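# Fold and geometry: a report
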Amino acid sequence: MEKLDQPTYEQAPTYFYRSFVKRTVDILGSSLLLILLFPTIILFSVILLIFSGRPLFYNQLRAGLHEQPFIIWKFRTMQAEDIESSSHKYEWKDEVPQDFEFTTPQTLTITKLGKIYRKYSIDEIPQLWNVLKGDMSIVGPRPEMIEITNYYSATQKKRLQVKPGITGYAQVNGRSAITHGEKIAYDLYYINHCSFLLDVKIILHTVYIVIIGKGAW
């Protein structure tokens, strides 16, 4: 599949879609998916328990809408003993560099099962609960770590004007294989063009990318 249109900057989407329609779709969509995927969630949990032990889930503080912090949930993909030392430390002067590329610290060990869960985004499934709660949306900029958003410039902070999503425009245009500058550009494009049709395109594109396991880390 080809990438979606390249980012440009235009006027913001209507308030009605972002504040009402999108939230309604998120509630209905996350509720339905949690019900349909419940047997699969149990299966993935049992497999994780057998081959990797406890804890089954990993949570971390992320920056949400308007920089409000929230706890994001994932299936654990790293060694249990690494969880306490899983924080990231950065020191930038003015902003997050445009060429910055996020990588897993060498101090963290991803389990063999965790690599599979990450490749096919299985570890992200628990975030449907975040969507149902209202912390996240199904589609939106991926939730960033606070250790990184603390260094955002005024332009970079604009990506926090909408709720973070399980998938997003940057995700379908490179996933983890793009620079921070490219991610910001794609996220701002999404904010300025947010619509039901664009969300549907992103979701369909996400399904394709997850199936082939492209761009995961």
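My aim in this report is to walk through the structure given alongside it, one point at a time. On a predicted model such as this, the values are computed, not experimentally measured, just so you know.

## Considering helix 2 (residues 112–119)
Given 3.6 residues to a turn, an α-helix orients residues that are three or four positions apart in the same direction. Of the residues making up helix 2, those classed as buried are Leu 113, Gly 114, Tyr 117 and Arg 118. With its buried residues spanning 135 degrees around the axis, helix 2 presents them on a single face. For helix 2, exposure combined with an orientation more than 90 degrees from the buried face picks out Lys 112 and Lys 115. A positive backbone phi angle near 60 degrees is found at Ser 121, which sits one or two residues after helix 2.

## Notes on the packing of aromatic side chains
Taken as a whole, this structure holds 10 aromatic pairs when the rule is applied. Where Phe 57 meets Trp 73, the ring centres are 6.5 Å apart and the plane angle is 80 degrees; that geometry is what we call edge-to-face. With Phe 57 in strand 1 (residues 57–63) and Trp 73 in strand 2 (residues 69–75), this residue pair connects regions lying 16 residues apart in the sequence. Relative accessible area serves as the criterion here: at 34%, Phe 57 is assigned to the partly exposed category. Using a relative accessible area of 30% as the deciding quantity, one classes Trp 73 as partly exposed. Their ring planes at 65 degrees and their centres at 5.9 Å tell us that Phe 75 and Tyr 117 sit as a pair that is edge-to-face. Residue Phe 75 is located in strand 2, and its partner Tyr 117 is located in helix 2; the two are separated by 42 residues in the primary sequence. In this structure Phe 75 comes out as buried when scored by relative accessible area, which is 2%.

## As for the pairing of strand 2
Direction of pairing for strand 1 relative to strand 2: antiparallel, over a ladder of seven bridges. Looking across to strand 2, one finds that Phe 57 is bridged to Phe 75. Linking two consecutive strands that pair antiparallel, namely strand 1 and strand 2, is a turn of five residues; a positive phi of about 55 degrees is found at His 66 within it.

## Let's talk about the packing of helix 6 (residues 180–193) against helix 7 (residues 196–212)
Their axes nearest at 9 Å, the elements helix 6 and helix 7 cross at an angle of 140 degrees. Accordingly, the angle class assigned to the pair helix 6 and helix 7 is oblique. Where helix 6 abuts helix 7, its residues Tyr 189, Tyr 190 and His 193 lie against Leu 198, Asp 199 and Ile 202. Class assignment of the residues belonging to the contact of helix 6 with helix 7 gives a composition of four nonpolar, one polar and one charged.

## A closer look at the pattern of salt bridges
As a working rule, side chains carrying opposite charge can pair if their charged atoms are close by. Here the structure, examined in full by the defined rule, presents seven salt bridges. Lys 157 is the partner of Glu 67 in a salt bridge, and the nearest nitrogen-oxygen pair spans 3.9 Å. Placement of Glu 67 in the loop between strand 1 and strand 2 and of Lys 157 in helix 5 (residues 154–157) is noted, with a sequence separation of 90 residues between them. Accessibility expressed as a relative area gives 36% for Lys 157, which makes it partly exposed. Linking Lys 74 and Glu 124 is a salt bridge whose minimum nitrogen-to-oxygen distance equals 4.0 Å.

## Things to note about the sheet that holds strand 4 (residues 144–145)
Hydrogen bonds along the backbone pair up the strands of a sheet, which may run parallel or antiparallel. If you trace the three strands from one edge of the open sheet to the other, you get 2-1-4, paired in antiparallel fashion. Two strands close off the open sheet at either side, each with one partner strand: strand 2 and strand 4.

## Concerning a nonpolar patch on the surface
Together, Phe 38, Ile 42, Val 46, Ile 50 and Phe 51 make up a nonpolar patch on the protein surface, roughly 550 Å² of accessible area in all. Locating Phe 51 in the fold gives a position in helix 1 (residues 15–52). Phe 51 sits in the exposed class, given a relative accessible area of 66%.

Thresholds, definitions, all that
Residues numbered from 1 in each chain as written. Predicted model: local features only at pLDDT ≥ 70, side-chain atom pairs only at ≥ 80, totals over all residues. Heavy atoms only, no water. Buried < 20%, exposed > 50% of the residue type's maximum accessible area, 1.4 Å probe, protein only. Helix = DSSP H or I, 4+ residues; strand = E, 2+ residues; numbered from the N terminus. Arc of directions from axis to C-beta. Phe/Tyr/Trp six-rings, centres within 6.5 Å; stacked < 30°, edge-to-face > 60°. Pairing = 2+ DSSP bridges. Axes fitted to C-alpha atoms, helices over the stretch in contact; angles between N-to-C directions. Parallel < 35°, antiparallel > 145°, perpendicular 65-115°, else oblique. Contact = heavy atoms within 4.5 Å. Nonpolar A, V, L, I, M, F, W, Y, C, P; charged D, E, K, R; others polar. Salt bridge = Lys/Arg side-chain N within 4 Å of Asp/Glu carboxyl O. Patch = residues over 30% accessible without salt bridge, like charges linked within 9 Å, V, L, I, M, F, W, Y side chains within 5 Å. Areas by Shrake-Rupley, 256 points an atom, 1.4 Å probe, with all protein chains shown as cover.

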